[in-house]
Every structure is written in structure tokens, then in C-alpha cells.
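These are the residues of each chain, in order.
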Amino acid sequence: MSLTTAVRDIRSRQKIKFNPPDRPTAVWTGKDILDGKPIAALTVIFRTTGCRWNNCTMCGYVYDSSRRAPSHDELMKQFEHALLRCRDEEFIVKIFTSGSFLDDGEIPTATRIEMLSRLGADARVKKVIAETRPEYVTQEKVSECTAALGKRFEVAVGLETSNDMIRKDTINKGFSFADFVNASKIAEQENATVKAYLLLKPPFLSEGVAISDIIRSITDAAQYAGTISVNLCNVQKGTLVDEMFERGDYRPPWLWSAVEVLKRGKEANSGTVIMSDPVAAGSSRGPHNCGKCDKDVAEAIRIFSLTQDTMIFEGLNCDCREIWEKVVELERFAFGAVMVK
Ligand code: SF4
Ligand SMILES: [Zn+2]
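## Overview of the coordination of the zinc ion (ligand 2)
Consideration 1: Cys290 (SG), Cys293 (SG), Cys318 (SG) and Cys320 (SG) make up the full set of protein donors to the zinc ion (ligand 2), lying at 2.2 to 2.4 Å.
Consideration 2: In this structure, the zinc ion (ligand 2) is coordinated by four donor atoms arranged in tetrahedral fashion, with angles at the metal of 101 to 116°.
Consideration 3: Read from N- to C-terminus, the donor residues coordinating the zinc ion (ligand 2) fall into the pattern C-x2-C-x24-C-x1-C. Taken together, the positions of Cys293 in the loop between strand 8 (273–275) and helix 10 (294–307) and Cys318 in the loop between helix 10 and helix 11 (320–330) put the pair 25 residues apart, joining distant regions of the chain. For the pair shown, Cys293 and Cys318 are each scored as buried.

This is the structure we're talking about:
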């Protein structure tokens, strides 16, 4: 059975709830980094018809999408609702759609231009980052965005790994590293910067292989992206990863693994901003260590992301670090089978 068939089969068995088309899927405020300094960030996930690809093994975003395409007015209501949330004097805006902001099927061109023009006219907004799959990154689309916004625009791509085999055979992502490089070059020609998201520990990989994959990927992607964000895989409902987790065949990454890739990735690429938001850290469905040290290690990861200073990791320790080292050493002999929950 192909990964696409397996993912489709799981998707077909899920009950999809009603999601209001005039409310964003989620909005929250937090911190990010701009020109080496922390800045407030408004993150919005617009509700659209969802990702056209919709075949990735770890992705449960499809269940947040709207049954019908939200109209221009509904999308603008989502936009207004989101902007009300940020009261900071200056901030950056991070746009997601649980798919691709540059896909006209999710966000029509006129809507995209109106949103970016409004953000361009808002003096508080210092930069806009928008996530998209690389196939929607064309000169025409990016130049429309940069012209409407008139300030710093960043194209963010969920590259996941620089290894085409891992991206295809464990994530089922449906594009290649060359596609990402091409998108990055187009974005740069149009004066947009590039951010790459990587995924630490997709299914089927041992802890050690997952670590070395991301260390290598950081260096590969750093040639084409000024910022790299390492997503620590968490278990989302209605996904292949979820089915594997329920059977005991998948464990999210250790937080120690995240520390290792951030430290070694930064040491090898000091000019690149490298960050990670440890979503669901400490829970069994999120990245976790032993339970005692999760909070401190997750906090160190957050501080590192804002300061880029690897020294924050030096003071961390816990008895479980030795167990993690053993797992990294031994899991490769178990062909990725989970050794410690
Ligand atoms: S491309 Fe992104 S949104 Fe689409 S299925 Fe994959 S992870 Fe989910
Ligand atoms: Zn611990």
C-alpha cells in the first residue's frame, strides 16, 4: 500500500466537524526575532478549503478546513478578527492557511492583495511571513505580494528535510529539494526572504537518524533560507503518525534531540537564524523527555530561538539524558522500533 493510499484511507474514516468560514482556525500572539532582536508576533491560521495536496503522513490540518470555500468577505472577516488580537506597538505577522497562502484555490488573488495592502498600510506591522508549498511560488505571485505589502515579505516553505528519500518515503510530501531551491530563487529575485520549516523525526526513522537528518538539512537549507525553523513532530489526530502512535510504533522526538540539532545546526551555520517552537512539549503526543525536565528544556529551546545563543543549553541536565544517549545509540539496531516511550 502506498503512503498516499494509507493517508487517504485514514482521512476517509474521520468525522469532519463544522468549521465557521468567517472565523480563523486559530490566532495567537507570541514572540519572534527580527534583525537579531525579539519582537511581538501575531500568528493567524486562516480557514480555507485546505491544502490541495493533503497527503502528508503527520498532518491533521485538513480537519480544520471549511466545507465550502469561504467568500472574499468571510476571509476578510477572519483577517479583521485576527488583527484585533494584537495590541503591541510593533509586531510581525505570520500567516498560515493549513495549506498555501499563495494558492488561489485557498485565497483568491484579490483577497490576498487586500490583506497584504492593509498590513502594508499598518505602521505597526514590520514584516509579514506567509507559508506556502513551493509550486505556488511564481514570480507573478511573489511580486504581487511584495508590491501590495510594500515592506518585508518572507515566503515560508515546509521543506521538512533536504533528503528527497526521507521527504518522499516517510512524509509523502510530494515535492523535491530542487522544487524548494527553485521557489527560494524566485522569492529572492522578487525581494522576498525565505524561511524553511524542517521536521524533526517523521515516522519510520530512528531517533539517531532523525537527528543527523536535521543537522544535515539545516546546513543544506541554510544556503537558500535566511531563517530555519525546526518543527518537533507531534501526533495530530486522524493521521498515519496517530495510528502508528496508538499501536506503539511511533514516539515523538526527545527534547534532547531538539537541543542537539539546534546546537549543532547553529554552530555550523552561525549566520542563519535557527529556531524552534516546541509545541505540545512534555505531553506524550508531543516532543518529550522524562517528565521531570521537559519544562526547563522546552523553555531553553524558546529562549535560544529568541537569542540564538547556544550557551543556554549548557546548564541543562537530567538523569534521562543518559537514557536518551542510549536510545540514540541502540535504536539504529532496532530499525527505528520504539525503545523508550
Ligand atoms: S503540504 Fe502542509 S498542509 Fe498540506 S498535507 Fe502536507 S503538511 Fe499538511
Ligand atoms: Zn529528564
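Next comes the rest of the account.
## Looking at the site of ligand 1
Consideration 1: Residues in close proximity to ligand 1 include Cys51, Asn54, Asn55, Cys56, Met58, Cys59, Ser98, Arg133 and Lys173, which together make up its full environment.
Consideration 2: Split by residue class, the shell around ligand 1 holds four nonpolar, three polar and two charged.

## A closer look at the packing of helix 2 (residues 72–83) against helix 3 (residues 109–121)
Consideration 1: Where helix 2 meets helix 3, the closest approach of the two axes is 10 Å, and the angle between their N-to-C directions is 25°. It follows from the interaxial angle that helix 2 and helix 3 lie roughly parallel. Seen from above, helix 2 lies across helix 3 with right-handed handedness. Contacts between helix 2 and helix 3 involve His72, Leu75, Met76, Phe79, Glu80 and Leu83 on the former and, on the latter, Ala110, Thr111, Glu114, Met115, Arg118 and Leu119.
Consideration 2: A class-by-class count of the residues in the contact of helix 2 with helix 3 yields seven nonpolar, two polar and three charged.

Cut-offs used in this document
- Residues numbered from 1 in each chain as written.
- Chains lettered and ligands numbered in written order.
- Predicted model: local features only at pLDDT ≥ 70, side-chain atom pairs only at ≥ 80, totals over all residues.
- Heavy atoms only, no water.
- Donors = N, O, S within 2.8 Å, 3.2 Å for Na, K, Ca; no water.
- Tetrahedral: all angles 85-135°; square planar, octahedral: opposite > 155°, others 65-115°.
- Helix = DSSP H or I, 4+ residues; strand = E, 2+ residues; numbered from the N terminus.
- Buried < 20%, exposed > 50% of the residue type's maximum accessible area, 1.4 Å probe, protein only.
- Near = heavy atom within 4 Å.
- Nonpolar A, V, L, I, M, F, W, Y, C, P; charged D, E, K, R; others polar.
- Axes fitted to C-alpha atoms, helices over the stretch in contact; angles between N-to-C directions.
- Parallel < 35°, antiparallel > 145°, perpendicular 65-115°, else oblique.
- Left-handed = near helix turned anticlockwise from the far one by under 90°.
- Contact = heavy atoms within 4.5 Å.

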